[in-house]
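Residue strings, one per chain:
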Amino acid sequence: GEDVEQSLFLSVREGDSSVINCTYTDSSSTYLYWYKQEPGAGLQLLTYIFSNMDMKQDQRLTVLLNKKDKHLSLRIADTQTGDSAIYFCAESIGGDYKLSFGAGTTVTVRA
Amino acid sequence: AAGVIQSPRHLIKEKRETATLKCYPIPRHDTVYWYQQGPGQDPQFLISFYEKMQSDKGSIPDRFSAQQFSDYHSELNMSSLELGDSALYFCASRGRATSGRGDTQYFGPGTRLTVL
């Protein structure tokens, strides 16, 4: 979407860390989300962060939020081949929490 | 755990035909969202319903309509189909249980619509 921007591609070696970056525009967003989509599949929620937090860790996933710069990142530690997918950053907008997605970052994990 | 169910999973239609997509939210979820994902694109919000009433509207063409029924399932009706309507259509649901804890939307597997 035009309100959320992401880099389009990331190639990473198996075992290394991946960092996916995202910028958003709506400073009133309550939550920010990371979704994963494998080829031909649906959207799987990976994690979310409340807008008044600056970091959240969940097993191999670390989310960093810089609210001042409206910058969100997702770090995947020890990246595996199963992590190859498209990763979407999304912000919730409005009282009904509809989601505005970024264009998605295609992560390719090479052996 | 029960997930969002969408039917059909795949649908092939001709131009100018109509299509109906169905969505069954997670039990006790009262809010349903519809999104359209074109090839190589991000999902775009179409429309949402809360307690059977339309709650928000996005980039949904006038040829499309939707409603939420008393059992909370929702249907997206698409008429005068065009080639550009070929896409993956996702339904998502949200319930009060996640209010204040992510307000998370849970997505169904999607319906892949192909218009020939």
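Residues numbered from 1 in each chain as written. Chains lettered and ligands numbered in written order. Predicted model: local features only at pLDDT ≥ 70, side-chain atom pairs only at ≥ 80, totals over all residues. Heavy atoms only, no water.

Peer 1: Give me the lowdown on the interface of chain B and chain A, citing residues and values where you can.
Peer 2: Listed by partner, the interface residues are 25 residues for chain B and 19 residues for chain A. When chain B packs against chain A, the two sides together hide about 1700 Å² of surface, and 52% of this comes from carbon and sulfur. Where chain B packs against chain A, one counts one salt bridge. With a shortest N-O distance of 2.7 Å, A:Lys98 and B:Asp56 are connected by a salt bridge. If you look at where chain B meets chain A, you find five residue pairs in polar contact (both at pLDDT 80 or more). Elements that contribute at least two residues to the side of chain B that touches chain A include exactly strand E4 (31–37), strand E5 (44–50), strand E6 (53–57) and strand E9 (87–94) of chain B. Looking at side-chain class alone, the side of chain B that touches chain A contains eight nonpolar, eleven polar and six charged residues. (Contact = heavy atoms within 4.5 Å. Buried area = accessible area lost by both parts, 1.4 Å probe. Salt bridge = Lys/Arg side-chain N within 4 Å of Asp/Glu carboxyl O. Polar contact = N/O pair within 3.5 Å; in protein donor to acceptor, adjacent residues only side chain to side chain. Helix = DSSP H or I, 4+ residues; strand = E, 2+ residues; numbered from the N terminus. Nonpolar A, V, L, I, M, F, W, Y, C, P; charged D, E, K, R; others polar.)

Peer 1: Describe the state of the cysteines, with residues and values.
Peer 2: Residues and elements named next belong to chain A. Inspection of the entire model under this criterion finds two disulfides over all chains. The residue that forms a disulfide with Cys-22 is Cys-89, at a sulfur-sulfur distance of 1.9 Å. The sign of the -55° torsion about the S-S bond sets the Cys-22-Cys-89 disulfide as left-handed. Of this pair, Cys-22 sits in strand E3 (residues 18–24) while Cys-89 sits in strand E9 (residues 85–93), and the two are 67 residues apart along the sequence. For the pair formed by Cys-22 and Cys-89, the shared burial category is buried. (Disulfide = S-S within 2.5 Å. Buried < 20%, exposed > 50% of the residue type's maximum accessible area, 1.4 Å probe, protein only.)

Peer 1: Describe the sheet that holds strand E7 (residues 64–68) of chain B, listing the residues and the values that go with them.
Peer 2: Residues and elements named next belong to chain B. Taking strand neighbours across the sheet as the criterion, the four strands line up as E1-E3-E8-E7 in an open arrangement whose pairing is antiparallel. Only two strands of the sheet have a single partner each, and these edge strands are strand E1 (5–7) and E7. Taking the axes of each pair of neighbouring strands and ignoring which way they run, one obtains an average angle of 15° across the sheet. Note that E1 and strand E3 (residues 19–24) share three bridges and pair antiparallel. Bridge pairing in E3 places Ser-7 opposite Lys-22. (Pairing = 2+ DSSP bridges. Axes fitted to C-alpha atoms, helices over the stretch in contact; angles between N-to-C directions.)

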